[in-house]
Amino acid sequence: MRDTGVRKTYVEDIDRSIYDVKDKVNASFQVEKGLTAKIVNEIAIKKNDPEWMRLFRLKSLQVYNRLPMPSWGPSLDGLDMEQIITYIRPDTRMSAKWTEVPDDIKNTFERLGIPKAERDYLSGVGAQYDSEVVYHNLREEVSRQGVIYTDMESAIHDPVYGPMVKKHFMKLVPPEDHKFVALHGAVWSGGSFVYVPPGVNVEVPLQSYFRLNAPGAGQFEHTLIIVGAGASLHFIEGCSAPKYNVANLHAGCVELYVGENAHLRYSTVENWSKNMYNLNTKRALVEKGASMEWVSGSFGSHVSYLYPMSILKGEKARMEFTGITFAGKGQSLDTGMKVVHAAPYTYSNISTKSISKDGGNCTYRSSVKILPDAHDCKSSVSCESLMLDDRSRSDTIPVTDIQNDNVDIGHEAKIGRISDDAIFYLMSRGLSEEDAKAMIVTGFAEPIAKELPMEYAVEMNNLIRLEMEGSIG
Amino acid sequence: MNTTFQKINSLPVSTWGWLGVNGTDVPAEIPEIVPCKKENKIVRVPDSVKLFSGVLPVPELETALGTDAADFVQDHWNCGITAVVPAGTRPEQPIFLSYHMDESNPAIVDRNTLVAEEGSEVTVVMSYLSKEGVSGFHSGLTRLFAGKNAVIHLVQVQLLGDTCVNFDNIGAVTQENGAVDIVQVEFGAKSSYAGCKTRLLGKGSRMDYNTIYFGDQDRSLDMNVVAEHAGQKTNSEISASGALLDESSKIFRGTIDFLRGAKQAVGHESEYSLLFSPKVRSRTAPLILCGEENVEGQHAATTGKIDENKLFYLMSRGLDELAAKKLVIEAQFRPATEKIPDDALRRAVSEFVEKRLNKIESLSQ
Amino acid sequence: MSLLEIKNLRVSADDKAILKGINLSVGQGEIHVLMGPNGGGKSTLVNTVMGHPQYRVDEGSIVFDGKDITREPTNERAKAGLFLSFQNPEEVPGVTLENFMRTSRTAITGKPVKLFAYQKDLKGKMEELGMDGEYASRYLNVGFSGGEKKKSEILQMLMLNPKLAILDETDSGLDVDAVKIVSQGVEKFKNRDNSLLVITHNTKILEYLNVDYVHVLMDGKIVKTGPRSLIDQINEAGFQQLAAAAAG
């Protein structure tokens, strides 16, 4: 390419000032660093667990100790479980009024725009700070429809929903699944419980926001959503943390039960700080005629392992996955998805994009499995990766496993950089080289961005804008 | 002799173990390896190609099946050639190597080393056959060194019987503007492990890899193809195409690996597999690994039943369903079989498929 | 003074010389036609004028509107009032035609575009070109047919109103009706002040235009320049004979 005097200046980092405000750690209780039966017991007692849960935690700990670290994926060498504080309770009780939330915590959520979003366009909000939920509220008209949206701790102790939690808790994602979900089983705390009764259509989304403030801490929230037959829900999950020099760990677990002919859309925007190990597990069980939609944006964390899984259990169950991953300096984001077609006439459609920049590593990893009796299935996968410089990496590791012949499976992957011809074309219409590149990258992300909740899409475009400004050549 | 080959056909980068595609430990019962008899092999080498009986010092080379499989051949080989195609020579006739296993010679372990010097071009045709009912064992190691502007065409045809085990291990390296053009026909054996790893070292060098496979009964096929782009403007084209019937299964791994510095490299990979029975299993792992910005990598795969429209079209022209399906399968193999430069061998390949298709009931379902 | 002044332009791509000393001068208000066999260097010339990174200027200069733009980035040339209608316009997924034109117009005029007036303007021009209004919200050129892409180029020309518009085979691959619409669009654009440089293989697009000069570009050189009547000579005799005559 002709030298047009391209500036090779690199922006330091994106503007994370909103996320980076650190509150003084003001905990009412925290466990010691590391992971022992004593610590796990202490968490159970402090949280006033029912006995079954205490035993479940101890069993999970045994599984954790037995299972090996993953033999694939980005390095976890920087993660030392001996240094992680697994439970840290903020000095407040859960409230349904923002005015009752302590000022420093409330201010943090104000900066993140959560109370405003609640007023503007949400049916309900849950806000977790370190290990416990500090705020949970559901609009009255939604509550009148019989919808339950509460923190997991309240649900477990509820006479009506307690048994429902017990019946479903870590049944879809058992602790044996992998080491970090076993860890979750042992030390989980916080998260949300949602129940939508059959036939109820929740028109306005619910949102849970997870904020990890304390350095060296872990967050292990558990989200359990049950959508009854014919019901529908849009659930939004947001996460962030300020940046510290020590490793933080997030190992949440999300279990979604989508009843017959029900519809669930689960949107996530993950913007953890770049010292975070994000080892999250999400899974949906999709019954007959139901549809599950995942929308996933991964921008933050130092290392991510994230592959939402859908089990299409009933005939004509459907799954759509739309995801974008943007890895910058110091980030290894290993993301993707898993789907199991376990019934006939099931359908899955996967579309992902990734952008690697400034030494960042993106990996797309997936598994599409069609079981022997799942005839007349259809699946199509499309993944596109964009490389913005030659210090970055982008790997695509998809696997399909097809166990019967009556299927229609398509897969395509593309990797490359911004084409010189496209830049020239845009420049010939008056755009500067930087603007042309930013426009192409924004356009690349657009089909995904438009699926994100509005304010996240705007944020994502700003983020791309900031990342691109004067940064590449 | 009993042994277990470790980590056969490893993926260059691992993924979830439960998918079973990371690489396989393969236990094997190996019949006694005796020196290969004259009547079990045909070797024809054009005059201009130099044969070496001793050891030719060549650089270390990675292979698709891995070091365990390669070391086994280095330790136990009983046939094969070491040949140099001198600079600038382009023998008209191919190097022709054909091995036939029978009771007296049930193990073929061939080690082949081929060096194509600057500006030379050569075709190598290798075929592996067995007498019916013989529990044969074939393990081959073929190493290709394509020099500057040199081209090596390699055609490997494996038509072993249902009681045989097969290992076809290829490693290649290409210098500036050199090329390897490989066709692997994987039609036979009870279980077969085949693959090719090419290091595209020199600027402008290329690899064309074309495999066709065919599975019926309970046969299994395990393949691994890697194009490692080290040099600038290197090019790889990987194409795999096959049909699975009855209770057969296959794993196809195809990796395009762009190393940093492989500027303007281009890699394409496509897989097309046709499934003909509800009991088949088809696993595919098409990887693109990329550490360089200025590259273009693409992959596309389709798996499923025969296209209904195509079938309808053929049947509207008077073919019955079985005939139409056979036609489609044969058509799918043709681009690769046409590259077999030997009439008799090409016929043998068609007859092999024809015979098997005629036996097959699942096609008419 | 000429609007575009190209002097002794020598250009290469991949170390291969393509243009071997081009001199061309386009005055304000003039219409020039550039003809010649395929591979002769027509597209190279106009892409070099626009600053395509693939082409290296080895010698010579390009002066536009009194300013030497030989080394200017492409967008500065656009801002100066140059427009190139591409032979194969790029597809840009994720960016709508409407948003793109707004961004582009803002970049070129340096002034914020008034949204309502802009939308009205765009809609009107699309109607003139017989383009469905729905195209405004489609991604730029993505999935457009050949004809729609060319119309989109002419639309952009009308929206940006350049001083010199270069049309690189804008009429190729179009059916009779589309050629007519495109030519009418070009005619509408043309006024006393602006200029046109048209590459074409056929004369349909020139029907409504007052061509001032015709140039024949072969093997990297302009071998003949003449009035409109030269086109008829070319159509009768062909390029080769013409070149031979010119050389002789």
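Thresholds, definitions, all that
- Residues numbered from 1 in each chain as written.
- Chains lettered and ligands numbered in written order.
- Predicted model: local features only at pLDDT ≥ 70, side-chain atom pairs only at ≥ 80, totals over all residues.
- Helix = DSSP H or I, 4+ residues; strand = E, 2+ residues; numbered from the N terminus.
- Contact = placed C-beta atoms within 7 Å.
- Pairing = 2+ DSSP bridges.
- Axes fitted to C-alpha atoms, helices over the stretch in contact; angles between N-to-C directions.
- Nonpolar A, V, L, I, M, F, W, Y, C, P; charged D, E, K, R; others polar.
- Domains from an automatic or database assignment.
- Expected span 1.5 Å × (residues − 1).
- Buried ≥ 20, exposed ≤ 12 C-beta atoms within 10 Å, placed from the backbone.
- Arc of directions from axis to C-beta.

For chain B, the helix and strand inventory stands at four helices and 20 strands. Expressed along its principal axes, the backbone C-alpha trace of chain B runs to roughly 55 × 55 × 45 Å. The contacts in chain B between residues at least 6 apart in sequence include a share of 84% that link residues at least 24 apart.

Time to look at the sheet that holds strand β3 (residues 31–35) of chain C. Residues and elements named next belong to chain C. A sheet is described by the order of its strands in space; here six strands give the open sequence β6-β9-β10-β3-β11-β12, paired in mixed fashion. Each having just a single partner strand, β6 (82–85) and β12 (221–226) make up the two edges of the open sheet. On average, each strand axis in the sheet is tilted by 20° relative to the strand beside it, whichever way the strands run. Examined bridge by bridge, β6 and strand β9 (residues 164–168) share four bridges and lie parallel to one another. Residue pairing for β9: Leu 84 is matched across the bridge by Ile 166.

Bringing the interface of chain A and chain B into the picture now. Listed per partner, the contact involves 34 residues of chain A and 38 residues of chain B. Where the side of chain A that touches chain B is concerned, the elements lending two or more residues are β21 (361–370), β23 (393–402) and β24 (407–416) of chain A. The sheet contact formed by β23(A) and strand β19 (residues 281–290) of chain B spans six bridges and is antiparallel. Its bridge partner lying in β19(B), Asp395(A) is registered against Leu289(B).

Right, let's get into the sheet that holds strand β2 (residues 16–27) of chain C. Residues and elements named next belong to chain C. The strand order β2-β1-β4-β5 describes an open sheet built from four strands, whose pairing is antiparallel. In this open sheet, the two edge strands, each paired with only one partner strand, are β2 and β5 (67–68). Both strand β4 (residues 56–64) and β5 contribute to a ladder of two bridges, which runs antiparallel. Bridge pairing links Val 63 to Asp 68 in β5. Each of β1 (2–13), β2 and β4 touches helix α1 (residues 42–50); the most contacted strand, β2, lies at about 70° to it.

This part covers the interface of chain C and chain A. Counting residues at the interface gives 22 residues for chain C and 24 residues for chain A. Where the side of chain C that touches chain A is concerned, the elements lending two or more residues are α2 (74–80), β7 (92–96) and α3 (97–109) of chain C. Residue composition of the side of chain C that touches chain A, grouped by class: twelve nonpolar, seven polar and three charged.

A separate point is the domain arrangement of chain A. Residue and element names in this part refer to chain A. By the assigned domains, chain A splits into domain 1 (18–418) and domain 2 (419–473). Distance from the C-alpha centre of domain 1 to the C-alpha centre of domain 2: 28 Å. In this assembly, 19 residues from domain 1 lie in contact with 18 residues from domain 2. Elements with a minimum of two residues in the side of domain 1 that touches domain 2: β13 (263–271), β15 (291–298), β18 (318–327) and β20 (347–356). Sort the elements by how many residues they give to the side of domain 1 that touches domain 2 and β18 lands first, with three residues. Tallied by class, residues from the side of domain 1 that touches domain 2 come to ten nonpolar, six polar and three charged.

The next thing to look at is helix α3 (residues 51–66) of chain A. Residue and element names in this part refer to chain A. Along its 16 residues, α3 runs 23 Å from first to last C-alpha, staying within 8% of the 22 Å computed at 1.5 Å per residue. Phe 56, Arg 57, Ser 60, Leu 61 and Tyr 64 are the residues of α3 that are buried. Down the axis of α3, the buried side of the element spans an arc of 145°, and every buried residue falls inside it. Counted as exposed and oriented over 90 degrees from the buried face of α3: Glu 51, Trp 52, Leu 55 and Arg 66. Tucked into the core, α3 has its buried residues touching α2 (37–46) and α9 (179–187).

The next subject is the arrangement of the chains. By contact count, the dominant pairing among the two pairs of chains in contact is that of chains A and B. There is a clear gap between chain B and chain C: no contact, and 13 Å between their nearest C-alpha atoms.

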